[in-house]
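# Commentary on secondary and tertiary structure
Chain by chain, the residues:
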Amino acid sequence: MRNLIIAKLTAVAVTGLLSQSAFAADGTVNFIGEIVDAPCSIAPQSQNLTVPLGKVSRTTLDGAAGKVSAPAKFAIDLLGCGATAKGATVTFAAPADALNKNLLRVGVGEVDGSFATGVGIQVADSSGKQIPVGQASGNYTLAQGDNALQFQANYMSTGPAVTVGRGNAMAQFTVAYK
């Protein structure tokens, strides 16, 4: 009888060990967020945006300061805005270009120096009105429910000579409600 009990316990232990492989982890999912006291929620797809500005020919921007590429449009989606949400402004914070403080500096964080020079990134509202780095946009009127705040971005030359290379920049945005 004792041998039968030992055999059964051994069988249970072996089965338990073999089943462990069925529960092995293949990866990790991190869920991040924050509960805030705001009249709207920012849509998950708007929290980490990538705005492709394309591959722009140097000749489009070369020759003088202030030349621009075609704009790339993007939106920050606000969800579930309540009755208290009347308006909002958006501020884009980032290192500014050395020659034009209204533009985002390209090449921040680049380690190998293969970024473009003589160019910055201009952020504007949907009408094309520039939003200087670190300054609030004009007021966006909000309605109850979901609202899409429309923006555009483009390259702008900061001097007469533009060199080729990556033209990447990063900015954090903050929505202030009125």
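Read on for an overview of the structure. Just so you know, these numbers come straight off a predicted model, no measurement behind them.

## Digging into the pattern of salt bridges
Within this structure, the stated rule accounts for one salt bridge. In this structure, aspartate 62 and arginine 58 form a salt bridge, with 2.4 Å as the shortest nitrogen-oxygen distance. In this structure aspartate 62 comes out as partly exposed when scored by relative accessible area, which is 22%. For arginine 58, a relative accessible area of 36% puts it in the partly exposed group.

## Some details on the side chain of serine 46
On the secondary structure map, serine 46 appears in helix H2 (residues 44-47). Among the polar contacts listed, one links the side chain of serine 46 to the backbone nitrogen of aspartate 77, at a separation of 2.8 Å. The residues contacting serine 46, other than those within four sequence positions of it, are Ala75, Ile76, Asp77 and Phe173.

## Considerations on the sheet that holds strand E6 (residues 140-141)
Ordered in space as E6-E3-E8, the three strands form an open sheet in which the pairing is antiparallel. The strands lining the two open edges of the sheet, one partner per strand, are E6 and strand E8 (172-177). Sheet topology note: the strand E3 (residues 87-93)/E6 ladder contains two bridges and is antiparallel. Among the inter-strand pairings, glycine 87 is bridged to a residue of E6, identified as threonine 141.

## Quick look at the nonpolar core
One finds Phe92 and Phe151 to be the most contacted residues of the largest nonpolar core, which totals 28 residues. If you list the elements that add at least two residues to this core, you get strand E2 (72-81), E3, strand E5 (119-125) and strand E7 (145-157). For this core, the element with the most residues is E2, which contributes five residues. Apart from residues lying up to four places away in sequence, phenylalanine 92 is in contact with Phe74, Ile76, Val123, Ile131, Val133, Gly134, Gln135, Phe151, Ala171, Gln172 and Phe173.

## Quick look at the sheet that holds E7
Spatially, E1-E2-E7-E5-E4 is the arrangement adopted by the five strands of the open sheet, whose pairing is antiparallel. Edge positions in the sheet fall to strand E1 (41-42) and strand E4 (104-105), since each of these pairs with one other strand and no more. Pairing geometry for E2 and E7, over eight bridges, is antiparallel. The partner of alanine 75 across the bridge, within E7, is glutamine 150.

## What to know about the environment of serine 157
With respect to the helices, strands and loops of the structure, serine 157 is situated in strand E7. Here serine 157 falls in the buried class, since its relative accessible area comes to 2%. Separated by 39 residues in the primary sequence, serine 157 and glycine 118 place their C-alpha atoms 5.7 Å from one another. Non-local contacts of serine 157, meaning those with residues more than four positions away in its chain, are made with Leu61, Ala64, Ala65, Gly66, Lys67, Gly118, Val119 and Val162. There is a polar contact of 3.3 Å between the side chain of serine 157 and the backbone oxygen of leucine 61.

## Concerning the pairing of E5
Of all seven residues that make up E5, seven are buried, and the element is covered over most of its length. The two faces of E5 match: Val119, Ile121, Val123 and Asp125 on one face and Gly120, Gln122 and Ala124 on the other face are all buried. Two strands pair when backbone bridges link them, and E4 and E5 are joined in this way by two bridges, in the antiparallel orientation. Each residue of the ladder has a partner; that of arginine 105, found in E5, is glycine 120. Where E5 and E7 come together, seven bridges link them in antiparallel fashion. Residue pairing in the sheet places glycine 120 in a bridge with methionine 156 of E7.

Cut-offs used in this document
Residues numbered from 1 in each chain as written. Predicted model: local features only at pLDDT ≥ 70, side-chain atom pairs only at ≥ 80, totals over all residues. Heavy atoms only, no water. Salt bridge = Lys/Arg side-chain N within 4 Å of Asp/Glu carboxyl O. Buried < 20%, exposed > 50% of the residue type's maximum accessible area, 1.4 Å probe, protein only. Helix = DSSP H or I, 4+ residues; strand = E, 2+ residues; numbered from the N terminus. Polar contact = N/O pair within 3.5 Å; in protein donor to acceptor, adjacent residues only side chain to side chain. Contact = heavy atoms within 4.5 Å. Pairing = 2+ DSSP bridges. Core = buried A, V, L, I, M, F, W, Y, C linked by side-chain atoms within 4.5 Å.

Purely geometric numbers; function is a separate question.
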